[in-house]
Amino acid sequence: MNRWVIKIGSSSLTPGCEGGGLDTSAIDVWAEQVAMLVDSGAEVVLVSSGAIAEGCHRLGFDNNRSRNMHELQAAAAVGQVGLIEAYERAFQCHGMRTALVLLTHEDLSDRTRYLNARSTLRTLLKLGVIPVINENDTVVTDEIKFGDNDTLAALVSNLVEADMLVLLTDQSGLHDKNPTRFPDAKLVEAALASDPSLDAMAGRETGAFGSGGMFTKLRAARTAARSGAITVICDAHHPNVLLSLANGEQIGTRLSADLKVMDARKRWIAGQLKVSGTLTLDSGAVNALQQKGRSLLAVGVQTSRGNYVRGDMVLCTDTNGVHVAKGLVNYAYFEAQKMLGLTSGQIERSLDVIGEPELIHRDNLVVI
Ligand code: GLU
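Read on for a plain summary of the structure. The shown structure was predicted, so the numbers you read here are calculated from the model rather than taken from an experiment.

### Side note on the nonpolar core
Where a protein is soluble and globular, its nonpolar side chains tend to be buried together.
Turning to step 1, where the next piece is worked out: Within the largest apolar cluster, 47 residues are counted, with the highest numbers of intra-cluster contacts made by V5, L103, L108, I133 and L255.
Turning to step 2, where the next piece is worked out: Within the residue set of this core, elements represented by two or more residues are β2 (43-48), β3 (98-103), α6 (111-126), α7 (149-160), β5 (164-169), α8 (198-202), α9 (214-225) and α11 (264-270).
Turning to step 3, where the next piece is worked out: In terms of residue count, α7 provides more of this core than any other element does, seven residues in total.
Turning to step 4, where the next piece is worked out: With sequence-adjacent residues up to four places away left out, L103 is seen in contact with L108, A117, I133, N134, E135, N136, F146, L152 and V156.
Turning to step 5, where the next piece is worked out: The next biggest cluster of nonpolar side chains, apart from the first, holds 42 residues, and it includes I6, L13, I130 and V132.

### Concerning the side chain of T169
Turning to step 1, where the next piece is worked out: Relative to the elements of secondary structure, T169 occurs in strand β5.
Turning to step 2, where the next piece is worked out: T169 gets classed as buried once you look at its relative accessible area, which sits at 6%.
Turning to step 3, where the next piece is worked out: Separated by 3.2 Å, the side chains of T169 and D170 make a polar contact.
Turning to step 4, where the next piece is worked out: Ignoring sequence-local partners within four residues, the contact set of T169 consists of S11, S12, M214, K217, I233, C234, D235 and A236.

### Re unusual backbone geometry
Turning to step 1, where the next piece is worked out: Its identity is not glycine, yet E161 carries a phi of approximately 55 degrees, on the positive side.
Turning to step 2, where the next piece is worked out: Tracing the backbone shows E161 in the loop between α7 and β5.
Turning to step 3, where the next piece is worked out: Given a relative accessible area of 37%, E161 falls into the partly exposed group.
Turning to step 4, where the next piece is worked out: In this structure, N240 takes a positive phi of about 50 degrees despite not being glycine.
Turning to step 5, where the next piece is worked out: Relative to the helices and strands, N240 resides in the loop between β7 (230-235) and α10 (241-246).
Turning to step 6, where the next piece is worked out: Overall, the relative accessible area of 45% leaves N240 in the partly exposed class.

### Some details on the packing of aromatic side chains
Turning to step 1, where the next piece is worked out: One pass over the full model with this rule turns up two aromatic pairs.
Turning to step 2, where the next piece is worked out: Consider the rings of Y308 and Y333, whose centres lie 5.9 Å apart with planes at 90 degrees: the pair is edge-to-face. Note that Y308 is positioned in the loop between β10 (301-306) and β11 (313-317) and Y333 in helix α13 (residues 333-339), a separation of 25 residues in sequence.
Turning to step 3, where the next piece is worked out: Accessibility expressed as a relative area gives 29% for Y333, which makes it partly exposed.
Turning to step 4, where the next piece is worked out: The positively charged end of R111 is found above the aromatic ring belonging to W268, 5.0 Å away from the centroid.

Rules of the game
Residues numbered from 1 in each chain as written. Predicted model: local features only at pLDDT ≥ 70, side-chain atom pairs only at ≥ 80, totals over all residues. Heavy atoms only, no water. Core = buried A, V, L, I, M, F, W, Y, C linked by side-chain atoms within 4.5 Å. Buried < 20%, exposed > 50% of the residue type's maximum accessible area, 1.4 Å probe, protein only. Helix = DSSP H or I, 4+ residues; strand = E, 2+ residues; numbered from the N terminus. Contact = heavy atoms within 4.5 Å. Polar contact = N/O pair within 3.5 Å; in protein donor to acceptor, adjacent residues only side chain to side chain. Phe/Tyr/Trp six-rings, centres within 6.5 Å; stacked < 30°, edge-to-face > 60°. Lys NZ or Arg CZ within 6 Å of the ring centre and 35° of its normal.

In structure tokens:
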């Protein structure tokens, strides 16, 4: 395992939870292990939460979730200083530097900014610097937010083509039922990321400070699998957690990447959270996309909704609303509307639409 993305959750960074500041001695322990990994030839990117928690602590906010959005954004700005200070100081002890990289979903959905972020991260890794990534909470609101760093870490794993994504958390891994409520819950030691039986186990509960629960971790593992990364969900405070993982020891839940590895462009498409419209496909079109890897033609589209323009991301569903694919559409809503249900020949004859014969070309389409 050479390239690692390690995500550290808020609950692990602030053990006292409500009102407690950063656990800097825990950061020191992880930094020491990361330094040893790098010494042995690994490249490591950290994705760290904890800015809001630390900011609330510094500002004397007792209960962070009762604060309004702008107070939390302000807290993130204050706390981010403490967070990077703690990492920089911890890595300095090992003669290493850290770099602060704050990303938003918009940064990763814009192709140029995405490629720039990738080049910068690759350069930092080549320079032996440890990138510490967090969401830029100061400028994002709910609608355009990753919301949880599990998702961000998974997209970063795709971006840097990591071999392993480690999600360090306050639980020992994914259990077959909620371990806080059922004492007989069993740890899932290994599974395929795509295994549908995991969905029911993951649930949707989150902690007091972190916004991601097991559900987002499972989804993150599936995203990371698109670029072939294995995901391990494990207890952040397990003794020597990172070194033990590097030695191949069984810790936590290991979710293997059995999904077909997508090329980088398709991963970028699949990673988009913001969709501008929805197309409802008939069963013929669903089959052409899912089974034959074809482009989407207007003839197989029954309805179209949204205020999309050429190049926007649209979601394709079947007639029951089940998500089938996502892709970059070749026509704006008002043009597509006139084409629905028509064959390419009919479109050419009856409309003055000149352009691509497909609504979404297969190179710009990802089956979900
Ligand atoms: N970006 C948030 C923070 O640093 C944490 C997001 C999450 O809970 O995963 O506080």
